[in-house]
Amino acid sequence: MRKPIIAGNWKMHKTVQEAKDFTKALADMVANSQVEVVLCPPFTALAAVVEAAEGTNIAVGAQNVYWEEKGAFTGEISPGMLKEVGCKYVIVGHSERRQYFGETDETVNKRVKAVLNEGMVPIICVGETLDEREQGITEKVVRTQVEGALKGLDAATVAGLVIAYEPVWAIGTGKTASEEDAQGVIAYIRSVIKELAQDSADRVRIQYGGSVKPANIVGLMQQPDIDGALVGGASLEPESFGGIVKGAAGA
Ligand code: 13P
């Protein structure tokens, strides 16, 4: 059985104080949930969210990481720093990082390995653009991204990963992929993992991301291969994010 995982990616939102208030409000709403709940605040609010989440069932993740341990890399944050502050997860290869900050499959792979080295779990994002979908090359695109991200990892390691399928055209647009579309691509991703890492394909958790809301989470979670969601906009209010966690737990 794969435990569902709902993660909130706050992107570049929330001050330290707002992050603390949110975490306290959410904690009661998700107490005793059968779903794994993760908050991914900006770097500046990580420590505050870790502290506010202490004793709750909320885990904390970062939104990015650099792959070197230390050195002259102005502006970067190392995996060891994230581990020390209390992160359990790190989002890697989000489409916004690929689009605006030059992230490639190769640098995603470096980050994935660096995160694993520190004993944290990468949430690896993949997904096609609208143009790629219209060209009918969605499967080719996600295959290349998955193969690139997992390069050099053994099967046991792959089993512990989280992958997020986020079609770029569904992010922040209000357009969710249909349940069937999301299920189809996610099942395809699982089949690619089966080729690469056999048994781990049944264990790796694969989320859907892109305009997830309380109103569509249940249908998504009812799909056999969808194990959770990576939520952007709707993770910014405790009510909507709590509603998504509740919906996922009940699905
Ligand atoms: P939205 O939920 O705002 O569409 O964002 C999805 C996302 O990018 C999560 O990483």
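Structure first, text after, so check above.
Conventions adopted
Sequence order as written defines the numbering, with residues in each chain counted from 1. Thresholds applied to this predicted model are a pLDDT of at least 70 for local features of residues and 80 or more for the giving and counting of side-chain atom pairs; totals over whole chains, interfaces and linings are not thresholded and use all residues. To obtain the side-chain values, all non-hydrogen atoms of the structure were used and water was disregarded. Within this document, salt bridges are pairs made up of a side-chain nitrogen of Lys or Arg and a carboxyl oxygen of Asp or Glu, the two lying within 4 Å of each other. Remark: exposure states derive from per-residue accessible area (1.4 Å probe, protein chains only) relative to the maximum for the residue type, with buried under 20%, exposed over 50%, and partly exposed in between. By definition, any uninterrupted DSSP run of H or I lasting at least four residues is a helix, any uninterrupted run of E lasting at least two residues is a strand, and each is numbered from the N terminus. Here, nonpolar core means buried Ala, Val, Leu, Ile, Met, Phe, Trp, Tyr and Cys residues that are tied together by side-chain atoms lying within 4.5 Å of each other. Any two residues whose heavy atoms approach within 4.5 Å are treated as being in contact. Near residues are defined by distance, with any heavy atom within 4 Å of the molecule or strand qualifying the residue. Within 3.5 Å is the distance limit for a polar contact, defined as a pair of N or O atoms, with the added protein rule that one can donate a hydrogen and the other accept it, and that residues adjacent in sequence qualify only through two side-chain atoms. Using the Shrake-Rupley algorithm and a 1.4 Å probe, accessible areas are obtained, with residue cover drawn only from the displayed protein chains. Residue type decides the class: Asp, Glu, Lys and Arg count as charged, Ala, Val, Leu, Ile, Met, Phe, Trp, Tyr, Cys and Pro as nonpolar, and the leftover types, Gly among them, as polar. Centre distance within 6.5 Å is the pairing criterion for rings of Phe, Tyr and Trp, where only the six-membered ring of Trp is used; planes under 30 degrees apart are then read as stacked, over 60 as edge-to-face, and the remainder as tilted. A ring is scored as having a charge over it whenever the NZ atom of a lysine or the CZ atom of an arginine sits within 6 Å of its centre and within 35 degrees of its normal.

Where do I start with the pattern of salt bridges in this structure?
As a working rule, side chains carrying opposite charge can pair if their charged atoms are close by. In this structure the tally under the stated criterion is twelve salt bridges. One salt bridge connects arginine 111 with glutamate 103, and the closest N-O pair in it is separated by 2.3 Å. Residue glutamate 103 is classed as buried on the basis of its relative accessible area of 8%. Between arginine 190 and aspartate 227 there is a salt bridge, with its nearest N and O atoms 2.8 Å apart. Remark: aspartate 227 occurs in the loop between helix 10 (214-221) and strand 8 (228-231) and arginine 190 occurs in helix 9 (residues 179-197); sequence separation between them is 37 residues. Of the two residues, arginine 190 and aspartate 227, neither departs from the other in class, the shared state being buried. Beyond isolated ion pairs, a larger network of salt bridges with shared partners links Arg2, Arg190, Asp225 and Asp227.

Explanation requested: the nonpolar core in the structure shown.
Note on soluble globular proteins: their nonpolar side chains tend to be buried together. With 66 residues, the main nonpolar core has Ile6, Leu150, Ile189, Ile193, Tyr208 and Phe241 as its most contacted residues. At eight residues, the largest contribution of residues to this core is made by helix 9. Apart from residues no more than four positions distant in its own chain, phenylalanine 241 is found in contact with Ile6, Ala7, Gly8, Phe22, Leu26, Val37, Val38, Leu39, Val231, Ala234 and Ser235. Core analysis: the next-biggest nonpolar cluster, separate from the first, contains 13 residues, Ala7, Ala59, Ile91 and Val121 among them.

Can you help me understand the environment of lysine 175 in this one?
Topologically, lysine 175 is positioned in the loop between strand 6 (162-165) and helix 9. When its relative accessible area of 48% is taken as the criterion, lysine 175 is described as partly exposed. Linking lysine 175 and arginine 98, residues 77 residues apart in sequence, is a C-alpha distance of 20 Å. When near neighbours in sequence (up to four residues on either side) are disregarded, lysine 175 contacts Trp169, Ala170, Gly210 and Ser211.

How should the environment of aspartate 28 be read in this particular structure?
By the secondary structure assignment, aspartate 28 is in helix 1 (residues 16-30). Accessibility expressed as a relative area gives 66% for aspartate 28, which makes it exposed. When the C-alpha positions of aspartate 28 and glutamine 207 are compared, they lie 24 Å apart, and in sequence the two are 179 residues distant.

Is there a simple way to explain the site of the ligand in this structure?
Of all residues adjacent to the ligand, which total 13 residues, the nearest are Lys11, His94, Gly172, Ser211 and Gly233. Between the ligand and lysine 11 there is a distance of 2.8 Å, counted from an oxygen atom to a side-chain nitrogen or oxygen. Interatomic distance of 2.8 Å between a backbone N/O atom of serine 211 and an oxygen atom of the ligand. When the ligand is considered free in solution it has 310 Å² of accessible area, and contact with the protein chains removes 95% of it. Across the shell around the ligand, the residue classes break down as four nonpolar, seven polar and two charged.

In this structure, what is going on with the packing of aromatic side chains? I would like to understand it.
Each aromatic ring pair is characterised by the separation of its centres together with the angle its planes make. According to the stated counting rule, one finds five aromatic pairs in the structure shown. Ring geometry for tyrosine 66 versus phenylalanine 73: centroids 5.0 Å apart, planes at 45°, classification tilted. Among the residues examined, tyrosine 66 registers a relative accessible area of 15% and is labelled buried. A relative accessible area of 33% means that phenylalanine 73 is categorised as partly exposed. Judged by centre distance (6.3 Å) and plane angle (90°), the ring pair of tyrosine 100 and phenylalanine 101 falls under edge-to-face. Residue tyrosine 100 is classed as exposed on the basis of its relative accessible area of 56%. Note on phenylalanine 101: relative accessible area 53%, which makes it exposed. Joined through ring pairs, the aromatic side chains of Tyr66, Trp67 and Phe73 make up one cluster. Directly above the aromatic system of tryptophan 10 lies the positively charged group of lysine 14, at a separation of 5.3 Å from the ring centroid.

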